[in-house]
Structures are given as C-alpha cells and as structure tokens.
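What the coordinates show
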Amino acid sequence: VLMKHCSVFLDTEFTDFVNMDLISIGLVTANGEEFYGENLSFNQSASSEFVRDIVYPLLKPLQFGKPRSELSASLWEWIDELPYDQITMMLDYQKDYDLLINLLGEVHPKFLWTSNIFSMFTAEAIMRNGVDKFRPMATGLREVFDKESAAFYSETEFEHHALSDAKSNKYGFNAAMKTLGPKFAVGPIQRTQF
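Keep in mind that what you see is a predicted model, and the values were worked out from it rather than measured. (Residues numbered from 1 in each chain as written. Predicted model: local features only at pLDDT ≥ 70, side-chain atom pairs only at ≥ 80, totals over all residues. Heavy atoms only, no water.)

Some remarks on the sheet that holds strand β5 (residues 86-91)
Put simply, the rule reads: At least two DSSP bridges between two strands are required for those strands to pair. Under the scheme used here, helices are H or I runs from DSSP no shorter than 4 residues and strands are E runs no shorter than 2 residues, and both carry numbers assigned from the N terminus. In what follows, a contact means two residues having at least one pair of non-hydrogen atoms within 4.5 Å. All axes are obtained by fitting lines to C-alpha atoms, using only the stretch in contact for helices, and the reported angles, taken between N-to-C directions, cover 0 to 180 degrees.
In space, the 6 strands of this open sheet follow the order β4-β3-β2-β1-β5-β6, with mixed pairing throughout. The two strands at the open ends of the sheet, each matched to only one other strand, are β4 (65-66) and β6 (111-116). Pairing of strand β3 (residues 34-39) with β4 involves 2 bridges; the strand directions are parallel. Looking across to β4, one finds that asparagine 39 is bridged to lysine 66. Here helix α5 (residues 117-129) sits on the sheet in contact with β1 (5-14), β5 and β6, set at roughly 75 degrees to β6. Against the sheet, helix α7 (residues 162-178) makes contact with β1, β2 (22-29), β3 and β5, and its axis sits at roughly 135 degrees relative to β1, the strand it touches most.

Structure below.
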C-alpha cells in the first residue's frame, strides 16, 4: 500500500542565537494547510535587540498566543489531523527543526525525514550533472530561490514572521525546482492576511 506523503515547510522565530527560546512557529504543507502559533511562555529577557525591534512588532499574542504546553498540544493535533501518513520537514536552518522537536517533546510518528532546501539544490545538480559539473546548476537554483522567496513578501506577508517565512521558502523552492520541470513542484501557495 502506498503511503500518502507530503512536504511541510517550517520556520521559527526565536530569542537569540546564543540563548535560543521559541517565540513563534509556522508550517505550511505542499497542499496549502497552515499552522501558526506564538509561545506566550518564551524568555523575553533572552531576546536580542534585533528580535525586539523586528520580530516583536509582527506578533499577535492575543490572536495566536498560547502557553508553551498548549501550543505543543495544538501543533501535535494539527500534525495528527493532516491527511498524510508521512511528512518530510523542509528546512533552511537546522535549529528550526530542533526547536520544533523541543516544542513537541519528541519526534512525531509521521515525520519521515528532514530535508535542507539548499542541500536539495546541490543534490539535484549532482544527480543531473555529476560531481564535477554541478556547481553552476546548484548556484542557479539558489539564485532563483533567493530572488523568488524575497519577491513573496508583500503588504500582508512579512519577513521574520514565522508563517510568512515558511511560505516564502516554499514559494522560492517551488520556483527553483520548476526550472527543472513541473514534476518537481511541491504544491500551490496562497497569501494570507495576518
């Protein structure tokens, strides 16, 4: 029996690279299902000046905030209810996944593997061109990703907002992979009003 599989793009916002505590988390599936939540229990005293100035103004704790334990339970339930048996977490930064697992308390049974977006560009280029000739293609894919993911932001999608960043990564990844052919796309993306 074939298992239903889906890619899920993940992003988090956190206090600081040294004293890392989860502030918010966003996930978007290849088919457009979304999860966003804010951790009301994070250590504000650990936040960097950048986070205070850039991330804090994007937060809506009255609408999306929950104590850490409730946020964990809500996210676990959301993953449970996704109509897929297996999930690949798509990342651009390993610590996002670490913060996800820390929030959940353990690896969810649906998680099949993690995949670094940028490593996928390199792997795809090596498969198509061989080790000796992959660099131009990998560089080209990364350039498309960077351009298109930056172009995703708008009046309603903000850089350094966890869900917007997850969606931006999906948008840029899709654009890059579409240059290889339509079968590499991972699904539609829609903008959402926050």
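Regarding the side chain of serine 48
Put simply, the rule is: A 3.5 Å cut-off defines polar contacts: any pair of N or O atoms within that distance qualifies, except that in protein one atom must be a possible hydrogen donor and the other a possible acceptor, and neighbouring residues in sequence count only when both atoms are side-chain atoms.
Among the secondary structure elements, serine 48 is positioned in the loop between β3 and α1 (49-55). Separated by 3.2 Å, the side chain of serine 48 and the backbone nitrogen of valine 51 make a polar contact. Setting aside chain neighbours within four positions, we find serine 48 in contact with Thr15 and Asp16.

What to know about the confidence of the model for the protein chain
Note the cut-off: pLDDT gives the predictor's per-residue confidence on a scale running from 0 to 100.
Per-residue confidence for the protein chain averages 90 on the pLDDT scale, and 91% of its residues sit at or above 70. Counting interchain partners and residues more than four positions distant, the pLDDT-below-50 stretch residues 187-194 has 32 contacts.

A closer look at the layout of surface pockets
Short version of the rule: Cavity means a closed set of points on a 1 Å grid over the protein atoms alone, one where a 1.4 Å probe fits but cannot get out, pocket means an open set with protein on both sides within 12 Å along at least 5 of 7 lines, and lining means a residue has an atom within 4 Å of a point. Grid points are joined across faces, edges and corners, and a volume is the space filled by probe spheres set on the points. Residue polarity follows a fixed list, in which Ala, Val, Leu, Ile, Met, Phe, Trp, Tyr, Cys and Pro are nonpolar, Asp, Glu, Lys and Arg are charged, and the others, Gly among them, are polar.
Estimated volume of the largest pocket: approximately 470 Å³. Taken together, 25 residues make up the lining of the largest pocket; nearest its centre are Asp11, Thr12, Glu13, His160 and Asp165. Counting only elements with at least two residues in the lining of the largest pocket, the list comes to β1, α1, α6 (135-152) and α7. The biggest single contributor to the lining of the largest pocket is α6, with 5 residues. Considering only residue class, the lining of the largest pocket consists of 9 nonpolar, 7 polar and 9 charged.

Overview of the pairing of β5
Heads up, the condition is: Burial here depends on accessible area, computed with a 1.4 Å probe over protein chains only, as a share of the maximum for the residue type. Under 20% is buried, over 50% is exposed, and the range in between is partly exposed.
In terms of burial, β5 is a largely internal element, 5 of the 6 residues being buried. Taken together, the 5 bridges between β5 and β6 define a ladder with parallel strand orientation. Of the residues in β6, the one forming a bridge with isoleucine 87 is phenylalanine 111.

As for the packing of α5 against α6
Rule in force here: Should the near helix be turned anticlockwise from the far one by less than a right angle, the crossing is termed left-handed; should it be turned clockwise, right-handed.
Running from N to C, α5 and α6 cross one another at 145 degrees; their axes reach a closest spacing of 8 Å. Considering only the axes of α5 and α6, their crossing is right-handed. Taken together, the residues of α6 that come into contact with α5 (itself represented by Ile117, Phe118, Phe121, Thr122, Glu124, Ala125, Arg128 and Asn129) are Met137, Ala138, Leu141, Arg142 and Phe145. Residue composition of the contact of α5 with α6, grouped by class: 8 nonpolar, 2 polar and 3 charged.

Some details on the packing of α5 against α7
Applied cut-off: Orientation labels follow simple angle bins: below 35 degrees gives roughly parallel, above 145 gives roughly antiparallel, 65 to 115 gives roughly perpendicular, and whatever is left gives oblique.
Where α5 meets α7, the closest approach of the two axes is 11 Å, and the angle between their N-to-C directions is 5 degrees. On the basis of their axis angle, the class for α5 and α7 is roughly parallel. Taken together, the residues of α7 that come into contact with α5 (itself represented by Ile117, Met120, Phe121 and Glu124) are Asn169, Phe173, Ala176 and Met177. Here the contact of α5 with α7 is built from residues that sort into 6 nonpolar, 1 polar and 1 charged.

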